[in-house]
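Each chain is listed here by its residues.
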Amino acid sequence: MLQNLVKSVWVPMKPYYTQAYQEIWLGMGLMSLIVYKIRSADKRSKALKGKIFASSKGWGTKDTILLSQDTVSHGL
Amino acid sequence: MNENLFASFAAPSMMGLPIVVLIVMFPSVLFPTPSRLINNRLISIQQWLIQLTSKQMLAIHNQKGRTWALMLMSLILFIGSTNLLGLLPHSFTPTTQLSMNLGMAIPLWAGTVITGFRYKTKVSLAHFLPQGTPLPLIPMLVVIETISLLIQPMALAVRLTANITAGHLLIHLIGGATLALINISVTTAFITFIILILLTILEFAVALIQAYVFTLLVSLYLHDNT
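Reading the values: rules and limits
- Residues numbered from 1 in each chain as written.
- Chains lettered and ligands numbered in written order.
- Predicted model: local features only at pLDDT ≥ 70, side-chain atom pairs only at ≥ 80, totals over all residues.
- Heavy atoms only, no water.
- UniProt positions renumbered as here; feature names shortened; annotations may be inferred.
- Helix = DSSP H or I, 4+ residues; strand = E, 2+ residues; numbered from the N terminus.
- Expected span 1.5 Å × (residues − 1).
- Bend = angle between axes of the 7 residues up to and from the residue.
- Contact = heavy atoms within 4.5 Å.
- Polar contact = N/O pair within 3.5 Å; in protein donor to acceptor, adjacent residues only side chain to side chain.
- Nonpolar A, V, L, I, M, F, W, Y, C, P; charged D, E, K, R; others polar.

Under an unreviewed UniProt entry, chain B has the name ATP synthase subunit a and belongs to Canis lupus dingo. UniProt annotates chain B under Sequence similarities (unreviewed entry) with the comment "Belongs to the ATPase A chain family." The UniProt entry for chain B carries this comment under Catalytic activity (unreviewed entry): "H(+)(in) = H(+)(out)".

Where an unreviewed UniProt entry is consulted, chain A appears under the name ATP synthase membrane subunit j, with the organism given as Canis lupus dingo.

Given below as structure tokens:
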């Protein structure tokens, strides 16, 4: 199956993937960097919010205090 | 009603597995690979359409730009077929998802910009300042041109998402209104039904036009950079 895939896809498309689309690969790298940054920021903020509301008193750690002060100052 | 309106835009899953990948790959089944010199009617019509579109789209490009012919034709075929398939009732349209459209727009736009900076660095940098700008306005205009460059992929993606999503929402709403009006007033329901038919015809046109606009803009960005 792999041989068939190489013969039918890779062989005709090789000049495109290796030469013509070099800049598009770089663009895809840029896009994956953006996606990674957005997802990690989202995960971090959700984890922090979870810490505040999951703890019994809600003022457990320094991070949660700073974040809760920040949310209070923004009127949330 | 509110929950039903946006339910069709949720990513579909079957038995817990996401089937978005299958839906995205489905339009390729509708374009069989030509295997003979003279093919069947479907493939011949598709080849004729592709030749017509590619001739018109690639006329402005030089040799470097024409290396993108396969990419541009694949793009217009994919977006056009995906948008048209999305007009089937109860189907999922991948191009209503901003993530999908950003995933198409950012690499292609970045590809064109990197091509420009790689092969024509001075000309690419010169694009940041229009010709004939008065001296005091130069700093401001460089900032404005930079922002307008960085906004291009966002505009590409959001334009496609908003147009297709808005069209589908309107069809949902007017279809729902038609159904609700049947019990109240048949004449009004009939008029609303006529509006629904006209809107559906418009959505067919919008589906193809948006594919063309997306591809044309990528082609124009490429032309500026090659």
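More follows now that the structure is in view.
> Break down the UniProt feature "transmembrane region" (unreviewed entry) in chain A for me, citing the residues and quoting the values.
UniProt records the feature "transmembrane region" (unreviewed entry) at residues 20-38 of chain A, using the numbering of this structure. When the span residues 20-38 of chain A is considered, its composition is 95% helix and 0% strand, and the gap between its end C-alpha atoms is 29 Å.

> Any chance you could break down helix 7 (residues 138-182) of chain B for me, citing the residues and the numbers?
Look at helix 7 of chain B: 62 Å from first C-alpha to last across 45 residues, which is about the 66 Å you get at 1.5 Å a residue. Taking the largest bend as the criterion, helix 7 of chain B deviates by roughly 40 degrees, centred on I151(B), and proline P153(B) comes between one and four positions later.

> For the interface of chain B and chain A, give the residues involved together with the corresponding values.
The partner chain A presents 13 residues to the 15 residues of chain B that form the contact. At the boundary of chain B and chain A, one finds four residue pairs in polar contact (both at pLDDT 80 or more). Secondary-structure elements contributing two or more residues to the side of chain B that touches chain A are helix 4 (69-85) and helix 5 (98-119) of chain B. Per-element tally for the side of chain B that touches chain A: the top contributor is helix 5 of chain B, with eleven residues. The residue makeup of the side of chain B that touches chain A, split by class, is ten nonpolar, four polar and one charged.

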